[in-house]
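These are the residues of each chain, in order.
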Protein chains: 2
Amino acid sequence: MRWSEIGEEACSVARTVSVIGDRWTLLILRDGFLGIRRFDDFQARLGVTRHILADRLRKLVAAGVLAKTRYEDRPARYDYRLTPKGLALHPVLLALVHWGDTHMADGKGRPLVLRHKGCGCDFTPVTVCSRCAEPIAARDVRVRPGPGARRAV
Amino acid sequence: MRWSEIGEEACSVARTVSVIGDRWTLLILRDGFLGIRRFDDFQARLGVTRHILADRLRKLVAAGVLAKTRYEDRPARYDYRLTPKGLALHPVLLALVHWGDTHMADGKGRPLVLRHKGCGCDFTPVTVCSRCAEPIAARDVRVRPGPGARRAV
DNA sequence: CCTCTTGAGTTCCAAAACAGAACTCACATA
DNA sequence: TATGTGAGTTCTGTTTTGGAACTCAAGAGG
């Protein structure tokens, strides 16, 4: 199967992966959430080649995750900022950060500390059930085919 | 920068991406959470070429996300199952599924429905603050360098 | 005994993606 | 006129994929 085909699968993970399932794309999003907007800033922070960066930004814009806006005329200058669809990826990034902090630590402590403005405390993200608000573990979830399924699980 | 170097960054996202930031790896994990364990089952479901699958499974085992166990002797047969470290990726997968359901839907409804055994209801995952239990939005989070940081954010 | 099947891979080749560096283009400043 | 900046594109050679066939060990069928 080709990369270009996986977005057509009847699976939300496959569709999501078709948009963000790339090392550079995930790092671009990380920097996007940290406030990076300009081409050269992404390039300098990521160390990605300019060619690949241009390609990934184009794809993220096409997917509606980033919006390219002209922030200056003469000379024309553009930046890339997260759309509402892009901002909705925040839980994904929080989950990645938390897993990395917990399972890929190097003994020097967390590279970043997250503070919740709502309560003023440093926090870690917790995934809970939308119905009962209890934390969810892998064993607590039963999966079954939904209306959009094409095959049995 | 090469793929092999990004795991050394002082960033939990980069370290996490160095392990799971690959289209096939994420789909392997998806199937792992759905109970797939054997080489040929992964291959048939994913449509990935066998040597890429062998490579990704090897890397996931090396990273401690999957464990390769002999489930039969004579002939020797092995399977791959999630370790506790791998099971800890569950929130990442839930976040990916939820984003795909919400933002990549094709109008046919959700491919999978998740039921929480704890309360017996179909649910969606919600990311909340570990301190105040309120849902977290991107705008509610302030990020600052932690003890493991190597540079200012 | 000989062939077929299953599970878990490995090997080979061509096609695609990538890294690194240099180059373009439009304007701005010294 | 020379230098710099932002946002890319082009060129070249190396890696990584995709696709298909092949290996190996053992059990099953005839």
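All values derive from a computational prediction rather than experimental measurement.

(A) Quick look at the overall build of chain A. Summing up its helical and strand segments, chain A has seven helices and six strands in all. Counted from the first residue to the last, chain A has its helices and strands arranged as α-α-α-α-α-β-β-α-α-β-β-β-β. In terms of overall dimensions, chain A has C-alpha extents of about 55 × 45 × 30 Å along its principal axes. Among the 153 residues that make up chain A, the fraction classed as buried is 42%. Across chain A, the fraction of contacts at a sequence separation of at least 24, relative to all contacts at a separation of at least 6, is 33%. Counting every atom, chain A has about 7,600 Å² of accessible surface; 49% of that belongs to carbon and sulfur.

(B) Summary view of the environment of Arg 37 of chain B. Residue and element names in this part refer to chain B. Position of Arg 37 among the secondary structure elements: in the loop between α3 (23-33) and α4 (39-46). C-alpha of Arg 37 to C-alpha of Ser 4: the two residues are 33 residues apart in sequence and 27 Å apart in space. Those residues in contact with Arg 37 that sit more than four places away from it in its chain are Phe 42, Asp 79, Tyr 80 and Arg 81. Separated by 3.0 Å, the side chain of Arg 37 and the backbone oxygen of Gly 35 make a polar contact.

(C) Expanded view of the interface of chain A and chain B. Listed by partner, the interface residues are 88 residues for chain A and 89 residues for chain B. Regarding the contact of chain A and chain B, the summed buried area is about 8,200 Å², with carbon and sulfur atoms giving 64% of it. Where chain A touches chain B, the interface holds four salt bridges. Where Arg 15 of chain B meets Asp 106 of chain A, a salt bridge forms, and the shortest distance between an N and an O atom there is 2.9 Å. Linking chain A with chain B are 36 residue pairs in polar contact (both at pLDDT 80 or more). Here the side of chain A that touches chain B takes 12 residues from helix α7 (residues 90-103) of chain A, the largest share from any one element. For the side of chain A that touches chain B, the class distribution of residues is 52 nonpolar, 16 polar and 20 charged. As defined by bridge partners, strand β5 (residues 125-129) of chain A adjoins strand β4 (residues 125-129) of chain B across five bridges and the pair is classed as antiparallel. Counted as the bridge partner of Val 126 of chain A is Val 128 of chain B from β4 of chain B.

(D) Inspection of the protein's contact with DNA strand C at higher detail. Taken together, 22 residues lie around DNA strand C, and Arg 56 of chain A together with Arg 50, Lys 68, Tyr 78 and Tyr 80 of chain B are the ones closest in. For DNA strand C, the fraction of protein-proximal atoms (within 4 Å) that sit in sugar or phosphate groups is 65%. Taking Arg 56 of chain A, its side chain carries an N or O atom lying 2.6 Å from a phosphate oxygen of DNA strand C. Within the contact set of DNA strand C, a phosphate oxygen lies 3.3 Å away from a backbone nitrogen or oxygen of Phe 39 of chain B. Considered class by class, the residues forming the surface near DNA strand C number nine nonpolar, two polar and 11 charged.

(E) Geometry of the pattern of salt bridges. Counted under the stated rule, the structure contains 24 salt bridges over all chains. A salt bridge links Asp 22 of chain B to Arg 56 of chain B; the nearest nitrogen and oxygen atoms lie 3.1 Å apart. Pair noted here: Asp 22 of chain B is in the loop between α2 (12-20) and α3 and Arg 56 of chain B is in helix α5 (residues 50-62), with a separation of 34 residues, a long-range link. Neither Asp 22 of chain B nor Arg 56 of chain B differs from the other in exposure class; each is buried. Linked by salt bridges that have partners in common, Asp 22, Asp 55, Arg 56 and Lys 59 of chain A make up one network.

Here is what the cut-offs are and how they apply
- Residues numbered from 1 in each chain as written.
- Chains lettered and ligands numbered in written order.
- Predicted model: local features only at pLDDT ≥ 70, side-chain atom pairs only at ≥ 80, totals over all residues.
- Heavy atoms only, no water.
- Helix = DSSP H or I, 4+ residues; strand = E, 2+ residues; numbered from the N terminus.
- Buried < 20%, exposed > 50% of the residue type's maximum accessible area, 1.4 Å probe, protein only.
- Contact = heavy atoms within 4.5 Å.
- Areas by Shrake-Rupley, 256 points an atom, 1.4 Å probe, with all protein chains shown as cover.
- Polar contact = N/O pair within 3.5 Å; in protein donor to acceptor, adjacent residues only side chain to side chain.
- Buried area = accessible area lost by both parts, 1.4 Å probe.
- Salt bridge = Lys/Arg side-chain N within 4 Å of Asp/Glu carboxyl O.
- Nonpolar A, V, L, I, M, F, W, Y, C, P; charged D, E, K, R; others polar.
- Pairing = 2+ DSSP bridges.
- Near = heavy atom within 4 Å.

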